[in-house]
Amino acid sequence: MSDTFYGSDFDALSAFDPEIASVLTGELDRLRGGLQLIASENLSSPEVLTALGSTLSNKYAEGYPGRRYYGGCSEVDKAESLAIERAKALFGADHANVQPHSGASANQAVYGAFLKPGETILAMSLPHGGHLTHGTKVSFSGKWFDAVHYGVDKDTEDIDYDEVERLAKEHRPKVLLAGGSAIPRTIDFARFRAIADEVGAIFWVDAAHFIGLVAGQAIESPVPHADVVSFTTHKVLRGPRSGAIVCREEHAAAIDKAVFPMMQGGPQMHTIAAKAVNFKECATPEYAAYTRQVIANAKVLAQALGEHGIRPTTGGTDTHLSLHDLQGVHVTGVDAEARSDAAGITLNKNAIPFDPQKPNIASGIRVGTPCVTTQGMGEDEMRTIARLIARAVTEGDADPQHAVSREVRAEVTELVQAFPAYPRPA
Ligand code: DSN
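Residues numbered from 1 in each chain as written. Predicted model: local features only at pLDDT ≥ 70, side-chain atom pairs only at ≥ 80, totals over all residues. Heavy atoms only, no water.

Draft legend 1. Geometry of the sheet that holds strand S10 (residues 243–247). Reading across the sheet, the seven strands line up as S4-S10-S9-S8-S7-S5-S6 and stay open at both edges, with mixed pairing between neighbours. In this open sheet, the two edge strands, each paired with only one partner strand, are strand S4 (95–97) and strand S6 (146–150). Put simply, the sheet's adjacent strands are angled 20° from each other on average, direction ignored. As judged from the five bridges shared by strand S5 (residues 120–124) and S6, these two strands associate in the parallel manner. Counterpart to Met124 in the pairing with S6 is Tyr150. Where helix H4 (residues 74–91) meets the sheet, its contacts fall on S4, strand S9 (228–232) and S10, and the angle it forms with S4 comes to roughly 130°. (Pairing = 2+ DSSP bridges. Helix = DSSP H or I, 4+ residues; strand = E, 2+ residues; numbered from the N terminus. Axes fitted to C-alpha atoms, helices over the stretch in contact; angles between N-to-C directions. Contact = heavy atoms within 4.5 Å.)

Draft legend 2. Representation of the packing of aromatic side chains. In the structure shown here, the tally under the stated rule is 14 aromatic pairs. Ring centres 5.6 Å apart and planes at 70° place the aromatic pair Tyr161 and Phe192 in the edge-to-face group. Here Tyr161, found in helix H7 (residues 161–171), pairs with Phe192, found in helix H8 (residues 189–199); they are 31 residues apart in sequence, far enough to count as distant. Judged on exposure class, the residue Tyr161 and its partner Phe192 are both buried. Among the aromatic residues, ring-to-ring pairing joins Tyr111, Phe140, Trp144, Phe145 and Trp204 into one connected group. Sitting over the face of the ring of Tyr290, Arg238 holds its NZ or CZ atom 4.2 Å from the ring centroid. (Phe/Tyr/Trp six-rings, centres within 6.5 Å; stacked < 30°, edge-to-face > 60°. Buried < 20%, exposed > 50% of the residue type's maximum accessible area, 1.4 Å probe, protein only. Lys NZ or Arg CZ within 6 Å of the ring centre and 35° of its normal.)

Draft legend 3. Representation of helix H2 (residues 18–33) in the model. Along its 16 residues, H2 runs 21 Å from first to last C-alpha, staying within 8% of the 22 Å computed at 1.5 Å per residue. Looking at H2, one finds that the buried residues are Ala21, Leu31 and Arg32. One side of H2 holds all its buried residues, which, seen down the axis, span an arc of 100°. Among the exposed residues of H2, those pointing more than 90 degrees away from its buried face are Glu19 and Val23. Contacts from the buried residues of H2 go to helix H1 (10–16), strand S1 (35–36) and helix H16 (403–418). (Expected span 1.5 Å × (residues − 1). Arc of directions from axis to C-beta.)

Draft legend 4. Local environment of the site of the ligand. The ligand sits among Ser40, His131, Ser181, His209, Lys235 and Arg366. Ser40 is positioned such that a nitrogen or oxygen atom in its side chain is 2.7 Å from an oxygen atom of the ligand. Taking Arg366, its side chain carries an N or O atom lying 2.8 Å from an oxygen atom of the ligand. Burial of the ligand by the protein amounts to 59% of the accessible area it has alone, namely 230 Å². Taken together, the residues that form the shell around the ligand break down as no nonpolar, four polar and two charged. (Near = heavy atom within 4 Å. Polar contact = N/O pair within 3.5 Å; in protein donor to acceptor, adjacent residues only side chain to side chain. Areas by Shrake-Rupley, 256 points an atom, 1.4 Å probe, with all protein chains shown as cover. Nonpolar A, V, L, I, M, F, W, Y, C, P; charged D, E, K, R; others polar.)

Draft legend 5. A nonpolar patch on the surface, seen in detail. Taken together, Phe10, Ile20, Val23 and Leu24 make up a surface patch of nonpolar side chains, about 340 Å² in accessible area. With respect to the helices, strands and loops of the structure, Val23 is situated in helix H2. (Patch = residues over 30% accessible without salt bridge, like charges linked within 9 Å, V, L, I, M, F, W, Y side chains within 5 Å. Salt bridge = Lys/Arg side-chain N within 4 Å of Asp/Glu carboxyl O.)

Draft legend 6. Looking closely at the pairing of S5. Here S5 lies mainly inside the structure; five of its five residues are buried. Across two bridges, S5 lies against strand S7 (residues 175–178) in parallel orientation. If you follow Ile121 over to S7, its bridge partner there is Val175.

Draft legend 7. Seen up close, the pattern of salt bridges. Scanning the model with the defined rule gives 22 salt bridges in all. The shortest N-O distance in the salt bridge between Arg191 and Glu165 comes to 2.9 Å. Of this pair, Arg191 sits in helix H8 while Glu165 sits in helix H7, and the two are 26 residues apart along the sequence. For Arg191, a relative accessible area of 27% puts it in the partly exposed group. Two residues, Asp325 and Arg311, come together in a salt bridge whose shortest N-O distance is 3.2 Å. Of this pair, Asp325 sits in strand S12 (residues 321–325) while Arg311 sits in strand S11 (residues 311–312); the two residues are 14 residues apart in sequence, bridging distant segments of the chain. Taken together, the shared-partner salt bridges connect Asp162, Glu165, Lys169, Arg191 and Glu198 into one network.

Draft legend 8. Structural context of H8. Every buried residue belonging to H8 is among Phe189, Phe192, Arg193, Ile195, Ala196 and Val199, and all of these are buried. Angularly, the buried residues of H8 cover 165° about the axis, an arc narrow enough to put them on a single face. Buried residues in H8 make contact with S6, H7, S7 and strand S8 (202–206). In the segment just after H8, Gly200 is the residue with positive phi, at about 70°.

Draft legend 9. Region of the structure containing the state of the cysteines. All told, the structure shown has zero disulfides when counted by the stated rule. In this model Cys371 remains outside any disulfide bridge; the closest cysteine sulfur is found in Cys282, 14 Å from its own. Under the relative-accessibility criterion, Cys371 is labelled buried at 1%. (Disulfide = S-S within 2.5 Å.)

Draft legend 10. Focus on the sheet that holds S12. The four strands are arranged S11-S12-S15-S14 in an open sheet whose pairing can be described as antiparallel. Of all strands in the sheet, those with a lone pairing partner are S11 and strand S14 (348–350), marking the two edges. Seen against the sheet, helix H13 (residues 333–342) touches S14 and strand S15 (364–368) and runs at an angle of roughly 170° to S14.

Draft legend 11. Quick peek at the nonpolar core. Among the nonpolar cores identified, the biggest contains 57 residues, and Phe91, Phe192 and Phe231 are the most heavily contacted of them. A per-element tally of this core places H4 first, with six residues. Those residues in contact with Phe91 that sit more than four places away from it in its chain are Ile211, Val214, Ala215, Val223, Phe231, Leu237, Val246 and Phe279. Within the second largest apolar cluster, 32 residues are counted, among which are Val331, Ile345, Ile389 and Phe419. (Core = buried A, V, L, I, M, F, W, Y, C linked by side-chain atoms within 4.5 Å.)

Take it as geometry only, folks, not as evidence of what the structure does.
Structural data, given as structure tokens:
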């Protein structure tokens, strides 16, 4: 262990708490041993993980840099100021708040800044690819606010902008919200802005899924268009599990007050330090190249799955993820997930637009390329992955001992050995 840093001492943990130590090594083995295709996950760098496992976790620092409610904040102030400045520079934003603990907490703060209970938001519906915190009935957002939802067009399966405009004029929402968890296509932010302006709404983008692609300048940024942009930091962005908000200067005070003290108490300073490290990583040419490869890989994976009869909705993707309709191969989402899992491929069942199945069964799967691209895989490997998914899904079984599960898993093992997650030191 380094003389100047106290943390991440695995041997000490192992000696004291072998049960938890074995969970940590077990998870590392799981990551190394299979294909991770969950579109909202990634593999953070050792540098980010080091900041997370640091003594900054100890510090109470309610408030903001230079105006805290506790003494002893000189070092954590530096970490938060660096994170703020790096986020502003990375996204070209007037203001950044790096304290939200997660995407849901960031979103709570946006509600707190702009809406009173009972006021109306217009957002994408969850079954069509939205987010839980965008007004679904089971979330605070649907319980405390009047949520109206738009969806996708039946033919294009992409956002129905005419419906957005019609609903905005009909309901005059206080906030118009764009973004979702299963939208394969880029979003027309200018069109959303124009609709928001027409009805006098705040335009909010939840960029959780694609903010990493924005950081790498691989897709258009919502920042010039939106009043406020919330996001998570652990998806394509590849930082720690957390959240953040950037906004126009005119909203800075409202956002800061809504994060603290309205929604949160003490910020997690170790995570904020890890976000600062991540924002620095995202400003490099290597990261920009990574984001372009994430998209190139996603396009090939979507197309190749389609060639195996697993149709990509919208006909493909512009981003890091694709959503696939399994009805053509007569398999449900839940079965496809279990069969893939048994073969060493982690992905998730997902509702497709106009899905005839219940959400816990679903007719689709969602796949994403952030992790496999971090591991260095390219288009050739995507074609192999598509073939392996198709075999597991259409011929395989949820039993890991089934012959097809074993055969596919053997090929998965070969692939991940060639492109290891968290390579072992030589
Ligand atoms: N739960 C997240 C996802 O998987 O898409 C939403 O941020």
